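Each chain is listed here by its residues.
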Amino acid sequence: EGDRDAAVDRPPRRLSLFSHQHFGVAAALARRNVVVATGTASGKSVCYNAPVLQALTSDAAATALYLFPTKALAQDQLRALRVMLRA
């Protein structure tokens, strides 16, 4: 519980984005269709996680549904999302 209280007292950290993440997030926030094609483990998930987190934090009625083709991929993406939430 002490960690949660400490997090409230410090300013939020900013994520450093690669160019494909910056442009992908910007396009998604502008409600444009986005296709991101980069190598494995290049951070493509930021392109959809950041806009989802923005919507969830700015609209109490917002919801999100994530669909992944495998349980392993879903668990990997959940870990990445948790890292973003700690940032």
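Within any chain, residue numbers begin from 1 and follow the written order of that chain's sequence. Only residues with pLDDT of at least 70 are given local features in this predicted model, and only at 80 or more are side-chain atom pairs given and counted; all residues enter the totals for whole chains, interfaces and linings. Working from all heavy atoms in the structure, the side-chain values ignore hydrogens and water.

**Describing the overall build of the chain**
When you go through the chain residue by residue, the secondary structure sums to four helices and zero strands. Secondary structure elements follow DSSP: runs of H or I of four or more residues count as helices, runs of E of two or more count as strands, with numbering from the N terminus. N-terminal to C-terminal, the α/β element order of the chain is α-α-α-α. Using a 1.4 Å probe on the protein chains alone, a residue whose accessible area is under 20% of its type maximum counts as buried, one over 50% counts as exposed, and one in between counts as partly exposed. Residue burial in the chain is summarised as follows: out of 87 residues, 17% are buried. It only takes one pair of heavy atoms within 4.5 Å for two residues to be counted as in contact. Here the analysis covers contacts within the chain between residues at least 6 apart in sequence; of these, 44% occur between residues at least 24 apart. For the chain, the accessible surface area stands at approximately 7,100 Å², while carbon and sulfur atoms represent 56% of it. Accessible surface is estimated by sampling points in the Shrake-Rupley manner with a 1.4 Å probe; for residues, cover comes only from the protein chains shown.

**Focus on the packing of aromatic side chains**
Pairing of aromatic rings covers Phe, Tyr and the six-membered ring of Trp, with a centre-to-centre limit of 6.5 Å; geometry is then stacked below 30 degrees between planes, edge-to-face above 60, and tilted otherwise. What the rule picks out here adds up to two aromatic pairs. When the ring of Tyr66 is compared with that of Phe68, the centres are 6.0 Å apart and the planes differ by 20 degrees; the resulting orientation is stacked. An aromatic cluster of at least three residues, connected via ring pairs, comprises Tyr48, Tyr66 and Phe68.

**Some details on the environment of Leu78**
Position of Leu78 relative to the elements: it lies in helix H4 (residues 71–86). Classification of Leu78 by relative accessible area gives partly exposed; the value is 31%. Considering only alpha carbons, one finds Leu78 and Tyr66, twelve residues apart in sequence, at a separation of 9.8 Å.

**Points about the packing of helix H3 (residues 46–58) against H4**
Two elements in contact, H3 and H4, have axes whose closest approach is 11 Å; the angle formed by their N-to-C orientations is 55 degrees. By the angle between their directions, the pair H3 and H4 is classed as oblique. Crossing geometry of H3 relative to H4 is assigned as right-handed. Mapping the contact onto sequence places Val46, Tyr48, Asn49, Ala50 and Leu53 in H3 and Gln77, Leu81, Met84 and Leu85 in H4. As a working rule, the residues Ala, Val, Leu, Ile, Met, Phe, Trp, Tyr, Cys and Pro are called nonpolar, Asp, Glu, Lys and Arg charged, and the rest polar, with Gly in that last group. Here the residues of the contact of H3 with H4 sort into seven nonpolar, two polar and no charged. Helix axes are fitted to C-alpha atoms over the stretch in contact, other axes to C-alpha atoms as well, and angles between N-to-C directions run from 0 to 180 degrees. Any angle that is under 35 degrees is reported as roughly parallel, and any over 145 degrees as roughly antiparallel; angles of 65 to 115 degrees are reported as roughly perpendicular and all others as oblique. Left-handed describes a crossing whose near helix is turned anticlockwise from the far helix through less than a right angle; right-handed describes the clockwise counterpart.

**Quick look at the nonpolar core**
Residues belong to a common nonpolar core when they are buried Ala, Val, Leu, Ile, Met, Phe, Trp, Tyr or Cys residues joined through side-chain atoms within 4.5 Å. Among the nonpolar cores identified, the biggest contains five residues, and these are Val25, Val46, Leu53, Leu81 and Met84. Those elements that place two or more of their residues in this core are H3 and H4. Every residue in contact with Val46, bar those within four places of it in the chain, is listed here: Leu17, Gln21, Val25, Pro51 and Met84.

**Let's talk about the side chain of Gln21**
Mapped onto the elements of the fold, Gln21 is located in helix H2 (residues 19–29). If we skip the residues at most four places from it in the chain, Gln21 touches Ser16, Ser42, Gly43, Val46 and Cys47.

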